[in-house]
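Here is what each chain is made of, one letter per residue.
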Number of protein chains: 2
Amino acid sequence: MRDVAIIGIGQTKVGEHWDLGLRHLALEALQAAMKDAGVERVDGLYVGNMLSGELTGQEHLGALIADFAGLRGVEAVKIEAACGSGAAALRMGYVAVAGGLADVVLVVGVEKMTDYLGPKVTAALAMAADADYEASQGVSFVALNALLMRRYMHEFGYRKEDFAPFAVNAHANGMNNPYAMFHINVTPESYARAAMIADPVNLLDSSPVCDGAAAVVLAPVELARQLPHPVVRIAASAIGTDTVAIHDRRDPLTLEGAALSVHRAYQQAGVRPEDIDLFELHDAFSIMAALSLEAAGFAEKGKGVQMALDGEITLHGRVPIATMGGLKARGHPVGATGVYQIVEVVQQLRGEAGANQVPNARIGMAQNIGGSGATVITHILERVE
Amino acid sequence: MRDVAIIGIGQTKVGEHWDLGLRHLALEALQAAMKDAGVERVDGLYVGNMLSGELTGQEHLGALIADFAGLRGVEAVKIEAACGSGAAALRMGYVAVAGGLADVVLVVGVEKMTDYLGPKVTAALAMAADADYEASQGVSFVALNALLMRRYMHEFGYRKEDFAPFAVNAHANGMNNPYAMFHINVTPESYARAAMIADPVNLLDSSPVCDGAAAVVLAPVELARQLPHPVVRIAASAIGTDTVAIHDRRDPLTLEGAALSVHRAYQQAGVRPEDIDLFELHDAFSIMAALSLEAAGFAEKGKGVQMALDGEITLHGRVPIATMGGLKARGHPVGATGVYQIVEVVQQLRGEAGANQVPNARIGMAQNIGGSGATVITHILERVE
């Protein structure tokens, strides 16, 4: 197996792109990544996307985007793992390069959700849950997270306002990210006043419906060494799964798929939680951030929210999360999110994160989650000296 | 890179499975494949599927099927490449094993289309075409094939009835396949009387809307040698792409993506067209069979239909195609088809094809096509002595 590096990154601003289709968004991101990498050809294109069929009537994104990008003929497929599609696509690209079946590959995550604001998007997102046993009962995705959050508050004695630091931190970091959807100042007071969506999940607990695309170029580390950027290698790439339906789990408040995925990643990279300098986690909802911190070994069970209350998740805290705004402030174009997270970790490890730079960041972890913890993809990136 | 073998195969009967959901169909096929292989655990699950979101409101099939199959925790993703999704999933599984990132993996193709017979399926299938430039104009998938067939007849001077041998051969072979959807006798006369769908494409030119699942287990060849079955290795695995919209091609009657995919496969396997003992091609429509034979080098341009008229495509002909019924008679549950083709080639190479056995079959080729030739995945399998 070969060591694989990320040699190029690109992203579009996340937002409501009424003037751009799926292929245009993907193009903007992948052209930026290829330019950043200094490559004009690739051996494969792996597209992460969840909802193109349901929301824009277009499947077959691999060939479609390859052609539009001037890469006609190249191997190209779409990978889907619900909201984890982006990192799942990266995983497939990583496998191809690590195994020696390809040298330079492009991974693009893209999602266009705002053409159908309203009930159609809610129904589409519910396809990440179990259609027969959850969605068909009328439980939307935000409602599932509300059930988890309510249970967590009950089990561990937290109040609603204790979750505020997740939103405050994400939006503070998003302020300095030009690609973020939101540039707003969130305080504990504004969090307390935020509109309720599915009690206890309010608007600031939630990531937005939006459009966006992000891309990375992968290549063997020896090739990366010939390029001007600091070399960032993929020290670990791991997928763990769990039941899709939450009621089938041993404990709804333990993300076993995440624990498995992170454990595999730590093993591969030969690191422990304390070695991680920043953690781009899947804060689609505040409760998911708390559960992810616990599954990754940064907090004991029931202590994820306490960790946030103690200020440990900020840029200068013990485990900086959502360093460029996270899913809440940068935005969560679902199939693209996993690739945005990787782009941001690379920015941090290259020292290109500007005002949000985590000092001396050398090892960063990104975790993308499909459904309520059913597919969890963890990548650990390391700056090679 | 390691040599990869197919150590287990499984399939459900293709048909209208009103009593089985997606996960049940997948389970039946994968359990059969795992039993055939004699394995109880796998390192990864790659699911080929195109339409689960649109037709059953369920994405996230990787984790869903993994859990239902008792494989909770395992790496699992869904791969989509329109009607080529099944073979694209096989390609991802192959890459993982060949590159040494996994030892034993499961590939499942599954599709459930009959819950929504009628316009919804037609619209869903059109997602394989270009949503912005083809489908939005009202061109259905069968209409695109009708345009190609009409043009082919015009260019090369064929009559409608000249296409009959494709249907006659497929249905003759399907008669002996217990997993085929149709067991009907088709003659040139019944072909001439078949209901027209989109002139000149008639009912017997077309593959049916149906449900089904097929599965294979992959492992390194050295592991395969310890098992009781004849060893069938994957001698080539290649994807080629072309424009999704047909009007963007240099010549609509030349499948450049297929030519590219086949060329790559011949190179990898070190074989030429005359070495291929049987060819499971993508006969979703008769015109696609003719164009595929030409792109693969079995017939000159414009001679694919002549080849069929000359009897060269039958079980005892020069290039046996659709040996177990093909997409027309076995059926075309779109995301599953590419895996069914592989299962059938393995049956032939193991000598388990019963009344349809191609004598002394040693090298078989399978080609799965997404869209009207936009994503083409070719696999060459070889019986290892």
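In what follows, the structure referred to is the one given above.
Residues numbered from 1 in each chain as written. Chains lettered and ligands numbered in written order. Predicted model: local features only at pLDDT ≥ 70, side-chain atom pairs only at ≥ 80, totals over all residues. Heavy atoms only, no water.

Novice: It is not clear to me how the overall build of chain A should be interpreted in this structure. Could you clarify?
Specialist: Helix and strand counts for chain A come out as 14 helices and 11 strands. In summary, chain A has a C-alpha radius of gyration of 19 Å against a globular reference of 21 Å for 385 residues, a match within 12%. Reported as C-alpha extents along the three principal axes, the dimensions of chain A are approximately 55 × 45 × 40 Å. Residues classed as buried in chain A amount to 69% of the 385 residues present. Within chain A, residue pairs in contact and separated by at least 24 positions form 77% of the contacts whose partners lie at least 6 positions apart. Summed over its atoms, the accessible surface of chain A is roughly 12,100 Å², and 51% of this surface lies on carbon and sulfur atoms. Here chain A carries 29 positive and 43 negative side-chain charges, and the mean point of each set is 2 Å from the other. (Helix = DSSP H or I, 4+ residues; strand = E, 2+ residues; numbered from the N terminus. Rg over C-alpha atoms; globule rule 2.2 N^0.38 Å. Buried < 20%, exposed > 50% of the residue type's maximum accessible area, 1.4 Å probe, protein only. Contact = heavy atoms within 4.5 Å. Areas by Shrake-Rupley, 256 points an atom, 1.4 Å probe, with all protein chains shown as cover. Lys, Arg positive; Asp, Glu negative; His and termini not counted. Charge placed at Lys NZ, Arg CZ, Asp CG, Glu CD.)

Novice: Please explain the packing of aromatic side chains as it appears in this structure.
Specialist: How two aromatic rings sit relative to each other is given by the distance of their centres and the angle of their planes. Within this structure, the stated rule accounts for 10 aromatic pairs over all chains. Both rings, one in Tyr 158 of chain A and one in Phe 163 of chain A, keep their centres 6.5 Å apart while their planes meet at 70°; by these two values the pair is edge-to-face. Side by side, Tyr 158 of chain A and Phe 163 of chain A carry an identical accessibility label, which is buried. Ring geometry for Tyr 152 of chain B and Phe 163 of chain B: centres 6.1 Å apart, planes at 65°, overall edge-to-face. Separated by 11 residues along the polypeptide, Tyr 152 of chain B in helix α6 (residues 141–156) and Phe 163 of chain B in the loop between α6 and α7 (164–174) bring together distant segments of the chain. For Tyr 152 of chain B, a relative accessible area of 0% corresponds to the buried category. Judged by its relative accessible area of 0%, Phe 163 of chain B is buried. Clustering of aromatic rings is evident, with ring pairs tying together Tyr 152, Phe 156, Tyr 158 and Phe 163 of chain A. When the ring centre of Phe 68 of chain A is taken as reference, the NZ or CZ atom of Arg 23 of chain A above it lies at 5.9 Å. (Phe/Tyr/Trp six-rings, centres within 6.5 Å; stacked < 30°, edge-to-face > 60°. Lys NZ or Arg CZ within 6 Å of the ring centre and 35° of its normal.)

Novice: Got a minute to help me understand the relation of the copies chain A and chain B in this structure?
Specialist: There are two copies of the chain, and a rotation about an axis plus a shift along that axis relates them. In the superposition of chain A on chain B (RMSD 0.0 Å, axial shift 0.0 Å), the rotation amounts to 180°. Such a combination of rotation and displacement between the chain copies is what one expects of a two-fold axis. The position closest to the rotation axis in chain A is occupied by the C-alpha of Gly 99 of chain A, lying 1.8 Å away. Both copies present the same face, since 100% of the interface residues in chain A are matched by interface residues at the equivalent positions in chain B. (Least-squares fit on C-alpha atoms with pLDDT ≥ 70 in both.)

Novice: Help me understand the pattern of salt bridges in this model?
Specialist: Side chains bearing opposite charge may pair, as long as their charged atoms lie close to each other. Residue and element names in this part refer to chain A. If you walk through the whole model with that rule in mind, you get 50 salt bridges over all chains. One salt bridge connects Glu 274 with Arg 272, and the closest N-O pair in it is separated by 3.6 Å. Relative accessible area serves as the criterion here: at 55%, Glu 274 is assigned to the exposed category. When its relative accessible area of 52% is taken as the criterion, Arg 272 is described as exposed. Here Arg 350 ties to Glu 352 by a salt bridge, and the two come within 3.4 Å at their closest N and O atoms. (Salt bridge = Lys/Arg side-chain N within 4 Å of Asp/Glu carboxyl O.)

Novice: Sorry if this is basic, but what is going on with the pairing of strand β1 (residues 4–11) of chain B here?
Specialist: Residues and elements named next belong to chain B. The element β1 is extensively covered by neighbouring structure, given that eight of its eight residues are classed as buried. Two strands pair when backbone bridges link them, and β1 and strand β7 (residues 211–220) are joined in this way by seven bridges, in the antiparallel orientation. Bridging from a neighbouring strand, Ile 6 pairs with Leu 218 of β7. (Pairing = 2+ DSSP bridges.)

Novice: Can you walk me through the side chain of Thr 378 of chain A in this structure?
Specialist: Residue and element names in this part refer to chain A. Inspection of the secondary structure puts Thr 378 in strand β11 (residues 375–384). At a separation of 3.1 Å, a polar atom in the side chain of Thr 378 contacts the side chain of Gln 367. Those residues in contact with Thr 378 that sit more than four places away from it in its chain are Ala 236, Ser 237, Ala 238, Ser 261, Val 262, Ala 265, Met 365, Ala 366 and Gln 367. (Polar contact = N/O pair within 3.5 Å; in protein donor to acceptor, adjacent residues only side chain to side chain.)

Novice: Even after reading the chapter, I still don't get the layout of surface pockets, so can you show me in this structure?
Specialist: Residue and element names in this part refer to chain B. Here the largest pocket defines a volume of roughly 640 Å³. Those elements that place two or more of their residues in the lining of the largest pocket are α5 (119–125) and α6. Residues that form the lining of the largest pocket fall into these classes: 20 nonpolar, 11 polar and one charged. (1 Å grid on protein atoms, 1.4 Å probe; cavity = no way out; pocket = protein on both sides within 12 Å on 5 of 7 lines; lining within 4 Å. Points joined across faces, edges and corners; volume = space filled by probe spheres on them. Nonpolar A, V, L, I, M, F, W, Y, C, P; charged D, E, K, R; others polar.)

Novice: In this structure, what is going on with helix α11 (residues 286–295) of chain B? I would like to understand it.
Specialist: Because an α-helix packs 3.6 residues into every turn, residues spaced three or four apart end up facing the same way. In terms of burial, α11 of chain B is largely enclosed, as 10 of its 10 residues are buried. Looking at α11 of chain B, one finds that the buried residues are Ser 286, Ile 287, Met 288, Ala 289, Ala 290, Leu 291, Ser 292, Leu 293, Glu 294 and Ala 295 of chain B.

Novice: Would you take a moment to explain empty space enclosed by the protein for this structure?
Specialist: Left-over empty space is what a probe sized like a water molecule reveals as it rolls over the atoms. Residues and elements named next belong to chain B. Taken as a whole and judged by the stated rule, the model has three cavities of 30 Å³ or more. Along its surface, the largest cavity is lined by Ile 6, Ile 7, Ala 224, Leu 227, His 229, Pro 230, Val 231, Val 232 and Arg 350. In terms of residue class, the lining of the largest cavity is built from seven nonpolar, one polar and one charged.

Novice: Quick question: what am I supposed to make of the pairing of strand β10 (residues 363–370) of chain A here?
Specialist: Sheet faces and side chains relate simply in a regular strand, where the side chains alternate between the two faces. Residue and element names in this part refer to chain A. Counting buried residues along β10, eight of its eight residues qualify, which places the element largely inside the surrounding structure. Residues Ile 363, Met 365, Gln 367 and Ile 369 point to one face of β10 and Gly 364, Ala 366, Asn 368 and Gly 370 to the other, with burial holding for every one of them. Sheet analysis places strand β9 (residues 278–280) next to β10, joined by three bridges and oriented parallel. Residue pairing in the sheet places Leu 278 in a bridge with Gly 364 of β10. Where β10 lies against β11, eight bridges are found, and the strand directions are antiparallel. What sits directly across from Gly 370, in β11, is Thr 375. In this antiparallel pair of consecutive strands, β10 and β11, the connection spans four residues, and Gly 371 shows a positive phi of 65°.

Honestly, it's all geometry; don't read function into it.
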